[in-house]
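Below, each chain spelled out in residue letters.
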Amino acid sequence: MFSRLLSVARRQRTGRGWQNWSSGRSGAPAAEAHSVALPAQAQVVICGGGIMGTSVAYHLSKMGWKDIVLLEQGRLAAGSTRFCAGILSTARHLTIEQKMADYSNKLYQQLEQETGIQTEPLLSSLLRRMPELETLEIVKLVNCPETFTPDMRCIMGESPAVQGYYVLVGMNSAGLSFAGGAGRYLAEWMVHGYPSESIWELDLKRFGALQSSRTFLRHRVMEVMPLLYDLKVPRWDFQTGRQLRTSPLYDRLDAQGARWMEKHGFERPKYFVPPDKDLLALEQSKTFYKPDWFDIVESEVKCCKEAVCVIDMSSFTKFEITSTGDQALEILQYLFSNDLDVPVGHIVHTGMLNEGGGYENDCSIARLSKRSFFMISPTDQQVHCWAWLKKHMPEDSNLLLEDVTWKYTALNLIGPRAVDVLSELSYAPMTPDHFPSLFCKEMSVGYANGIRVMSMTHTGEPGFMLYIPIEYALHVYNEVMSVGQKYGIRNAGYYALRSLRIEKFFAFWGQDLNTLTTPLECGRESRVKLDKGMDFIGRDALLQQKQNGVYKRLTMFILDDHDTDLDLWPWWGEPIYRNGQYAGKTTSSAYSYTLERHVCLGFVHNFSEDTGEEQVVTADFINRGEYEIDIAGHRFQAKAKLYPVTSLFTHKRRKDDVELSDLHGK
């Protein structure tokens, strides 16, 4: 099967017998210490001959690679997975894990036909030959090393630091279930440059150096192991390894009732508990139904709509790209789909695409000067985006990429009175005539200079983002809260932000968008400039897709007959049915306090009833369908929208008076 498949053994002479198998790899049957000469070069060298290494080698050979070297310190197939025979479950929390397990299950059934080896379970064979074995008692407990990860997901992908170095580890006792699929996806990645499925949830680059602390890993893994088989309710959080990365405002916000969640090691406020609420009851609340924080988030959303709220969004990834000439503009024009050759002070929403037109990143870029740009990306993009940029940027001493995430505290002022607060603090007119939408300007706020003020909120609501040098963070926050008292200001958290952005049909990278999602599939054609005068990564794929049509479309669903108080809530991953046929799954869900309905985002596919193959999805196909969202086996009727509900109908109304059929898209 392989032209070169080597097992390099370094074994010590030990006693013989089955007892030696109870230890790790060093307990393999004894043999004389020997070595095998390694080739001078190879197309790929795989370290580790357990189930993962052999799976990668198998799939690489199936894809046409011949010059494969597999190194193993003991003997092949002597990894920890050999103690887990029969533990093959396809019921997994993540979709990508389900696909890996399902593929593995099918692969194992066909291996005997492909290779001629005997894959009949050893125990069944032994019992037929020696029935007395059934009466034997287990006299020895097997104890061997196993690998666990900080978030209970395996780790795969190319190293952000060393190009061409790939990793596939950390199976969390699910090696047998994942080996076939994981080996296939990694082999695809190595051969084609990308896997056939989006594996971001398993990508090595979801972690940074901050998760490599031995103390962090020791404490987190002790929490992870019992959680592997525990029931996980929506929005649950790890309890260990916390307060690792915090905003300068953490203590101030914590004292005001902030409840926290963690993203890429960064503490972010979920919501703020009022003094009259039972904090202990909220912390212990775990449910798939209406959560106890419902009323708290409602009041925060209402304040964002009617007055002004402040959300600490310091965790967002922030890069600066500068050059001595036009190099910064030229490389950004090549790496991003929108036109970044805009006047100084303007902000551009754009995507960083791959060759297939899929989103490697979804971000906002402000042009600070002719040769300087400020890039804002999702929190968990810090390692991934940096690696992508460095991989594609030329080695040019006149071009500088700097991670400035830690340099700035970000405050989001949301609401109609945000303009009044900022006007008082800056002594400058902040009306749309003087400060138009998607505009950036350095200003003074209170006593602090050099505050980057941007007229956007990531929610569709009016307001401003303030990027504040960290030494000024507490001063600016105190000034904003002090001046804002007369305008009804209050703190808000990410749960309110989530509700606001979903009802405005704002898709987020990592939840709704991934490396296999193109701008044409999620209604973001306006963020692509195919005629901007130069080529960019993904342009050819988008041109072809524009001609041929899309095979899925991000759609907004408003649940019609769902009882918020009594029914199970949609959280994400619920099946979507069109005219009674399965059409996709939801990617995000939230309760809209404005519409007084649940809103889900998800991709609609057009599967052929005869062959199951995907067909082109058009706007007419979406609009002509009757939809249902399946929540735990109960289907709820839903109205499908390709655009956010117009503001004419978004003011608060009594539920009995709302007729969703009267709602029209823009």
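Residues numbered from 1 in each chain as written. Predicted model: local features only at pLDDT ≥ 70, side-chain atom pairs only at ≥ 80, totals over all residues. Heavy atoms only, no water.

Draft legend 1. Just the sheet that holds strand β11 (residues 372–377), in detail. What the 5 strands build is an open sheet, ordered β9-β10-β11-β8-β12; its pairing is antiparallel. On the outer flanks of this sheet lie β9 (347–353) and β12 (399–403), each paired with one strand and no other. Between one strand and the next, the sheet's axes are offset by a mean angle of 25°, whatever the strand orientation. The pairing of β9 with strand β10 (residues 359–369) spans 7 bridges and is classified as antiparallel. Pairing of Thr 350 across the sheet is with Cys 363, part of β10. Sheet contacts for helix α10 (residues 382–392): β8 (317–323), β9, β10, β11 and β12; angle to β12, the most-contacted strand, approximately 170°. (Pairing = 2+ DSSP bridges. Helix = DSSP H or I, 4+ residues; strand = E, 2+ residues; numbered from the N terminus. Axes fitted to C-alpha atoms, helices over the stretch in contact; angles between N-to-C directions. Contact = heavy atoms within 4.5 Å.)

Draft legend 2. Representation of the environment of Asn 412 within the structure. If you trace the backbone, Asn 412 turns up in strand β13 (residues 408–414). When sequence neighbours within four positions are dropped, the list of residues in contact with Asn 412 reads Cys 309, Val 310, Ile 311, Met 313, Met 456, Thr 457, Phe 464, Met 465 and Leu 497. Reaching out from Asn 412, the side chain makes a polar contact with the backbone oxygen of Thr 457 at a distance of 2.7 Å. (Polar contact = N/O pair within 3.5 Å; in protein donor to acceptor, adjacent residues only side chain to side chain.)

Draft legend 3. Seen up close, the side chain of Glu 320. Its location among the elements puts Glu 320 in strand β8. Among the polar contacts listed, one links the side chain of Glu 320 to the side chain of Arg 452, at a separation of 2.9 Å. Dropping the residues within four chain positions of it, Glu 320 is found in contact with Phe 373, Phe 374, Leu 400, Leu 401, Glu 402, Val 404, Tyr 408 and Arg 452.

Draft legend 4. Quick look at the sheet that holds strand β16 (residues 463–469). Reading across the sheet, the 6 strands line up as β14-β15-β16-β13-β7-β17 and stay open at both edges, with mixed pairing between neighbours. Of all strands in the sheet, those bounded by a partner on one side alone are β14 (440–445) and β17 (490–491). Of the pairings in the sheet, the one linking strand β7 (residues 309–312) to β13 comprises 4 bridges and is antiparallel in character. Residue pairing for β13: Cys 309 is matched across the bridge by Ile 414.

Draft legend 5. Representation of the packing of aromatic side chains within the structure. Applying the stated criterion across every chain, the model contains 21 aromatic pairs. Taking the centre distance of 5.0 Å and the plane angle of 50° together, the rings of Phe 294 and Tyr 593 count as tilted. With Phe 294 in helix α8 (residues 294–306) and Tyr 593 in the loop between β20 (581–592) and β21 (597–607), this pair connects stretches of sequence that are 299 residues apart. Judged on exposure class, the residue Phe 294 and its partner Tyr 593 are both buried. A network of ring pairs unites the aromatic residues Tyr 271, Trp 293, Phe 294, Tyr 495, Trp 569, Trp 571, Tyr 591 and Tyr 593 as a single cluster. Sitting above the plane of the Phe 294 ring, Lys 290 keeps its charged end 4.3 Å from the centroid. Across the ring face of Phe 621, the terminal group of Arg 578 is positioned such that the distance to the ring centre comes to 3.6 Å. (Phe/Tyr/Trp six-rings, centres within 6.5 Å; stacked < 30°, edge-to-face > 60°. Buried < 20%, exposed > 50% of the residue type's maximum accessible area, 1.4 Å probe, protein only. Lys NZ or Arg CZ within 6 Å of the ring centre and 35° of its normal.)

Draft legend 6. Structural context of the side chain of Arg 524. Examined against the element boundaries, Arg 524 turns out to sit in the loop between α13 (494–503) and α14 (539–548). By relative accessible area, which is 8% here, Arg 524 ends up buried. One polar contact links Arg 524 to Asp 362, side chain to side chain, over a distance of 2.8 Å. The contact partners of Arg 524, leaving out residues within four places of it in the chain, are Tyr 359, Asp 362, Ala 507, Leu 513 and Pro 519.

Draft legend 7. Spatial organisation of the confidence of the model for the protein chain. On average, residues of the protein chain carry a pLDDT of 88, and 88% of them reach 70 or more. Counted against residues more than four places away or in other chains, residues 1–33, with its pLDDT under 50, gives 77 contacts. Predicted confidence for residues 647–666 stays below pLDDT 50, and this span has 34 contacts to residues more than four positions away or in other chains. (pLDDT = per-residue confidence, 0-100.)

Draft legend 8. Summary view of unusual backbone geometry. Although it is not a glycine, Phe 505 adopts a positive phi angle of roughly 65°. Note on placement: Phe 505 falls in the loop between α13 and α14. Of the residues examined, Phe 505 reaches a relative accessible area of 13% and is grouped as buried. In the Ramachandran plot, Glu 596 falls in the positive-phi region, its phi being about 55° despite a non-glycine side chain. Along the chain, Glu 596 turns up in the loop between β20 and β21.

Draft legend 9. Representation of the state of the cysteines. Inspection of the entire model under this criterion finds 0 disulfides. In this model Cys 309 remains outside any disulfide bridge; the closest cysteine sulfur is found in Cys 303, 3.4 Å from its own. Residue Cys 309 is classed as buried on the basis of its relative accessible area, which comes to 0%. (Disulfide = S-S within 2.5 Å.)

Draft legend 10. Spotlight on the nonpolar core. In terms of nonpolar packing, the biggest core is built from 38 residues, with Trp 293, Val 297, Phe 374, Met 454 and Tyr 467 touching the most fellow members. Of all the elements, α8 adds the most residues to this core, at 6 residues. Beyond its immediate chain neighbours, meaning those up to four positions away, Phe 374 contacts Lys 318, Phe 319, Glu 320, Ser 364, Ile 365, Ala 366, Leu 368, Val 404, Tyr 408, Arg 452, Met 454 and Tyr 467. Membership of the second largest hydrophobic core comes to 33 residues, among which are Tyr 250, Leu 422, Val 445 and Val 480. (Core = buried A, V, L, I, M, F, W, Y, C linked by side-chain atoms within 4.5 Å.)

Draft legend 11. View of the packing of helix α11 (residues 418–426) against helix α12 (residues 473–484). Where α11 contacts α12, the two axes come as close as 9 Å, and the packing angle between them is 120°. In terms of orientation, α11 and α12 fall into the oblique class. The element α11 and its partner α12 pack so that their crossing is right-handed. Taking contact as the criterion, the partners of Val 421, Glu 424 and Leu 425 in α11 are, on α12, Glu 479, Val 480, Val 483 and Gly 484. The residue inventory of the contact of α11 with α12, partitioned by class, reads 4 nonpolar, 1 polar and 2 charged. (Parallel < 35°, antiparallel > 145°, perpendicular 65-115°, else oblique. Left-handed = near helix turned anticlockwise from the far one by under 90°. Nonpolar A, V, L, I, M, F, W, Y, C, P; charged D, E, K, R; others polar.)

Draft legend 12. Spatial organisation of the packing of helix α2 (residues 95–115) against helix α4 (residues 175–192). Taken N-terminus to C-terminus, the directions of α2 and α4 make an angle of 100°; their axes are 6 Å apart at the nearest point. What the angle tells us is that α2 and α4 run roughly perpendicular. Facing α2, whose interface residues are Ile 96, Glu 97, Lys 99, Met 100, Ala 101, Tyr 103, Ser 104, Leu 107 and Tyr 108, α4 presents Leu 176, Ser 177, Phe 178, Ala 179, Gly 180, Gly 181, Ala 182, Arg 184 and Tyr 185. Looking at side-chain class alone, the contact of α2 with α4 contains 11 nonpolar, 4 polar and 3 charged residues.

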